[in-house]
Structure formats: C-alpha cells, structure tokens
Amino acid sequence: MTNDNVSVLRALVVDDDLTARLLASHALTQEGFEVLLADNGVTAIQMFQEFQPDIVLIDVAMPGLSGFDVCRQLRNMPYGKLVPILMATGQDDIDSVRDAYAAGATDFVFKPFNWQVLGHRLHYMIRASNTNEQLRQLQKSEARLGNAQRIAGLGNWEWHLNTGEIYWSDHFYHLVGGNRGVMPRGIRSFLRCVPVNEWPQVLHWFRELLNCRCSGFKSGLNHSICLPGQQMHCMQHQAEVFCDGRGQAILISGTMLDVSELRQAQDQVLKLARFDSLTGLANRSVFYDRVQLGMDQAARHGHLGAVLFLDLDNFKRINDTFGHGMGDLLLKQVASRLAQSISRSEALMSKAQADGPADSEENPREQNRLQPLVARFGGDEFTVLLPVINQVRDAENVARDILDTIGRTVDLAGQEVVITPSIGIAVFPQHGESVDSLMKNVDAAMYYVKHAGKNGYELFVKSMNVVAKRRLALENALHYAIEGDELSLNYQPQVDINSGRIVGVEALLRWHSQQLGMVSPVEFISVAEETGFISAIGEWVMREACRQARQWQDQGLPHIRIAVNLSVRQFAKQPLEKLVMQVLQDTGLPVNCLELEITENMLMDDVEGAVETLHRLSALGVQLAIDDFGTGYSSLSYLKRFPIDRLKIDRSFITHVTTDSDDAAVTQAIIAVAHNMGLSVTAEGVEDATQLALLQEYACEEVQGYFFSRPLIAEDLEVLLQHNNGYMTLPPAA
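So, a few notes on the structure that sits alongside this text. Here the structure is a predicted model, which means the values were calculated and not measured.

Our next topic: the overall build of the protein chain. For the protein chain, the count of helices and strands is 26 helices and 26 strands. Sorting the 734 residues of the protein chain into buried and exposed places 46% on the buried side. At a minimum sequence separation of 6, the contacts of the protein chain that also span at least 24 residues come to 64%.

All right, on to the side chain of Arg21 then. As for its placement among the helices and strands, Arg21 is situated in helix 1 (residues 18-30). Buried within the structure, Arg21 lacks any salt-bridge partner; Asp39 is the closest side chain of opposite charge, at an N-O distance of 4.7 Å. When sequence neighbours within four positions are dropped, the list of residues in contact with Arg21 reads Asp15, Asp16, Leu37, Ala38 and Asp39.

What follows deals with the sheet that holds strand 9 (residues 233-243). In space, the five strands of this open sheet follow the order 7-6-10-9-8, with antiparallel pairing throughout. Single-partner strands in this sheet number two, and they are strand 7 (166-168) and strand 8 (217-225). The mean inter-strand angle of the sheet, taken between neighbouring strand axes irrespective of direction, is 15°. Taken together, the nine bridges between strand 8 and strand 9 define a ladder with antiparallel strand orientation. Residue pairing for strand 9: Phe217 is matched across the bridge by Val241. Packed on one face of the sheet, helix 9 (residues 199-210) meets strand 6 (154-160), strand 8, strand 9 and strand 10 (249-258) and runs near 160° to strand 8.

A word on the packing of aromatic side chains. Per the stated rule, a full pass over the model turns up 13 aromatic pairs. Geometrically, the ring pair formed by Phe108 and Phe110 is edge-to-face, given 5.4 Å between the ring centres and 65° between the ring planes. With a centroid separation of 6.1 Å and an interplanar angle of 50°, the aromatic rings of Trp157 and Phe206 are classed as tilted. On the criterion of sequence distance, the pair formed by Trp157 in strand 6 and Phe206 in helix 9 is long-range, its members being 49 residues apart. Here Trp157 and Phe206 have matching classes, each one buried. For Arg284, the ring lying beneath its charged end belongs to Phe377, and the centroid distance is 4.1 Å.

Reading guide: rules and limits
Residues numbered from 1 in each chain as written. Predicted model: local features only at pLDDT ≥ 70, side-chain atom pairs only at ≥ 80, totals over all residues. Heavy atoms only, no water. Helix = DSSP H or I, 4+ residues; strand = E, 2+ residues; numbered from the N terminus. Buried < 20%, exposed > 50% of the residue type's maximum accessible area, 1.4 Å probe, protein only. Contact = heavy atoms within 4.5 Å. Lys, Arg positive; Asp, Glu negative; His and termini not counted. Salt bridge = Lys/Arg side-chain N within 4 Å of Asp/Glu carboxyl O. Pairing = 2+ DSSP bridges. Axes fitted to C-alpha atoms, helices over the stretch in contact; angles between N-to-C directions. Phe/Tyr/Trp six-rings, centres within 6.5 Å; stacked < 30°, edge-to-face > 60°. Lys NZ or Arg CZ within 6 Å of the ring centre and 35° of its normal.

By themselves, these are just geometric observations and shouldn't be taken as functional.
Right, dumping it as structure tokens:
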C-alpha cells in the first residue's frame, strides 16, 4: 500500500476551554490526526454533519448543550451511530461516567489528560470501532464471519435452553484450546480453561443469565483463560438473554473476545502515565501518592520516614557543552546508580532491623509495609522515599552513600565527566504534616546545600525556609532588574605599578532592587546563573561598560582598557564573538579597549571548546584575561594553548603575600612563568604599600585594590581620570 492510499484520520475536539483545545490540537496533530475544533455543542453538531470525523472527543461540562446532549444527538444521526465518542470527565466523577455511557459514549477519560498517550488511545478506539463494524458487515456469510472472528480474536456461542443444545464457533474452540468434535461443548469444559480462583464469579454470572426473566437483558464479564504451555489470556465476555412470551429464558447468546493485547496496551498507557520514559523511574505523581501512603503509615504506627531531594550540580553546563543527547545519557546513568545505592542501603537497614528486637504486632515493620522508592522529579531532579527508618542517621547514611555512588566518574561516549548531587533531607512527621509541606521543606534543604557549595547533603531545619524565601524573592526581583533600570556599574582602577598611570578599569555589577534594596553580587550572581537571567544581565553589563568607556574617550579623557567578566553561560554560548562584535559596533568602542575576563574553571570544563572560542575572540582584537588565577583546578601548562594576554592573581594570595612565605612563593612563581610565556600580570586586592613594594620586586606589571581606589561610580572615576591626566601618586621607593 502506498502513502497515497492512506487516509488521514479526522478527530473532532469539543471543549469550551481554549487551552484544552489548543493542547489537544497539538497532541493529536503530532499523532497524525487532522483536528477539527468546536467550542460549543451547536458548532460541534454542525461540524460533525459537514466533515464526518472518524472520532469525537467531548468535554462533559460546557455551557448551552452539555457533552451528554451532544453525544445523544450525534448517536441519533445515521453516521453518528458507529463513530467512537470519547467523553472527558472530572477525576473520580463516577456519576458523569455512568451518564456518559447512558448517552452513548464509547469510552471515557479522566481530566487532566496525559497528552502523550491521548493520541494512542484515539487510534486504538478507531481501530476497535472499525473491527466491530467489519464484524457486523461480515455476518452475511458464515465463512466470512468466521474469518472476521479469527482476525478480531472473537468467538461466539449459543445455548438453547429448551433443547440443551450448545453451539461454539470455530474461534471459540480456538480460544479455549479445543477442536470441534474432540472437545465436548458445555460449562464444565469451559471451566477447565478458567483459573480455579475465578470459578465463583464465572458461575455466578451464568446463574444470573439463567435466572433472567427479561428478554434482551445483556451482561458482561472479564475473566482469564489459562491453557497448558501458554501465557494467561484476558477475555471479555458478553451475553444476551432471549425469553419467550411467558418470560422464560429460551436462548443465551454470547461472545468472548481476547483482549490480552488491549490489556497490554492499557498497561503500557498506565506505565507512560506513571513512569518516566527516559529513566524508567516513577514520576512525580507516583512519588507524591507513595509519600502520602508512607506518611499515613508512619502516623498509624508511630515510626519515622524520610524524603531525599537531589539536584545534579552544574547539569546545565553539561547539556550546553555536550548536547542534550549526552545529557539524557547522563541522567540514565545517574538513575541507575541511584537505584543501586537505594537497594544497597535498604538491604543494610533491613539487616539492622532483623538483628534488632523482635517486632510486635503494632510494629511498623510488617510484611506489607511500603518499599523505598526512587523517582525522577523532573529535569535533573530526583527524589527518594525511605518509608521506614529507625533514626535520622539512617537517612543521612543513605545520603552519604548516594554522594559516593553518583560522584564517581561517568563515561559519556568516551568523554569522562564528574557529576555531583546536592541533597536535601526531610524527616516525617517532624518536617511536614502534609506532602506539600514536606516537599517544600526538603526542597529548601537542597537549595541550602546549593548555596553552601554543592556536592553535599543537609537535614532540613526551620531556618532554611528563610533561605528558600530569600532565593524566591531574588528570582522574582531579577525579572525586573534590567527593565526597571535597577542595575548599575562601578569601576575599579587598574594601575601601572611603575608609573602610577591608570591603564584600565574593571566593571563591577551592582544591583539596587526596589523590592529588596542593595543586593550583594555574591548573593544574586549565582541565582542569575542558575535561573538563566545571567545571559541578559551579562549582555547589559558589556554594553553599558563599552558605552561608558566610549563616553570617557569622547570627553577627551585618557584611553583606558575596560575589563568585563564573562559568565559561564555567555562563554558556552556560540558564537560569543558575534555578540562582542555587535556590542563594539553599537557603542563605537575600539576593539583593543575591551578586555574579557574568564575564570579558570570555565576554561577547564571543556578545554577543546574553550581553545576554539578564545581563538575566535582573540582574532577580533579584544584582550583576554584569566581572572582569579590560582584558585581553580587548571595548571600553568595549559596556558600555552590559550591565546591569553593577561593573568589576574587572585586576592587570596596577595592578602598574605608579605606574611606567608607560601603565598609569596606562589605569587612569584606565577609572575615568573607568565612573563616567560609573554603574558602580563595584574595583582588583585592590593591594600598596603608593603604589598605593592613586594609586587614591584617581583616585576608585576599592574595592580588593583583599595590601596589606590575602591570601586567608583562613573562620575567619580571621571574625576580621577581628569586629575593629573590619569596618573596616581606612588609611594616613595623603600
């Protein structure tokens, strides 16, 4: 069959909610449907008559004609008798389910939908409807009917009560594992194929049919068929009773359909709805339900339980560097390691319980108690439920094992990376009376770890809510930082150590929030990095710094270099050089007046990518500096691969350079090696004349620190540049 012969299935979606219509349209279009949309019952009936869709999805609650009214009217139309109709009802709204079937609905679905599986369900309903229609058409011929029954997995039977005659179709024999003329027809033969534990319900069903006094009575039953050497099959049995004029049952006619594939499909739908498709772990919905059960069980028996919340550190950087495919591979590995760790920890706790005192009847360590559960909460977040722990230390031991297990090197298609988690722990019932409050508190504990340096765990304490609320306030306020004109720059001079001339300034970001007041960069930069706001903020800093530098030049002030710090996101964004060139063109600043500062760790995350990016930036003519040198995990041997112009020695070395021989030796070594490689050096944090004198002795070119000037607003730096033509007074030589 060619594609030209394949017709597109047409689905009519009837819902007064615009969002629901749009989501349904998107989901079903992805599954190959042509989607028709109606926002009320009258329009739906008109569109049904005009376009004759293959299937209809109707919301129950609509103004005007309800979903039930629309369904009944569609069933009264000639074409509407056979079209599958799926009605959408509220969760656990059993009355609506009964009314839906009474109105003629084929099936029902609870809101909210799982949009991933909705299209599959509609495809199945259409196939099932088509199968039933084929059966009705093929009933004209016994041969054709038998063939259709074989295709559909359907067998039929008749029981004439007056004569005792029983008829089984060929496929009914097949379904019960027998052959015509060999296997005797009757209830006993049939029951031998049914599992013994299901006999009572099957016999009760047959008695109900035999005792019926109403012609046309229909009844259904689901049961199993178990044949030797085969898997269990699921059957859907339907029967109708025919009575004579005295109300005496004379004929029972039935069909039996093998719905094993349907049941498997339903199980798959359930799995998609309750489990994460990437990792195979339980999803957030399942986790919430299981935590509620765990809390209920803990309340009944008086024991402790715990929830762990994990977030992978710097996962976004891995996605940005290696791509989402590698990111997905990493998530699978983390899920596997996490499951292994919890399984190992559960075995240890179970052994400890077994070695402890014997359990009483009221003890929570009962056979049917909940088992630990690992779930993917979303993105790079994972959760763990420990439904029973003896003491808080048990949860902390599990967290330590997770840190050790996940923190090992991961091989991603030949690329070795290290991923670490930040873990929050909350214990119930102490840390939450409801699932929502418990999860809010464990989330606060996890974010506390993030702010404390990552790669660790913390047990929730009430003070963490203050940190969580502060972070949320920062996230919300950052939305308005740029458009609200709340950001500003300060500029700290960089001075030639021999002449005292101001050769450059470093642009330092400041934020005065209307809601929060002055906010330290130490506090908000990390939040901006994690939330993604840093990209827009970083571009604003670059533009404002270049604009200000150009303005000073236009005022006739000395031409100086302006240094701008790059964020991780900016550096990973490709191509960064286009942004830099656009900013320079827009502001008119000469390219050699801009210096970009990058930290060591940014370079070492992806050495090959960093080399390529730095060479493209260097080709533009901008200057490049490594900021906070000596605090990262790179080595001087890497510097020869990077087209760097300058090293900036971190202030932590300069602070004790005159009192700590180790800091002095490291500082001198950095300067010497940098000079051998043709690089200049700027020392940060210079605060007194003795530090300056020692740096002069080591032949450091430039210094920056409070000894010369604290960071200044643009107007004050302008005054400093005007004074003595940009030269600052140096102390006399010792």
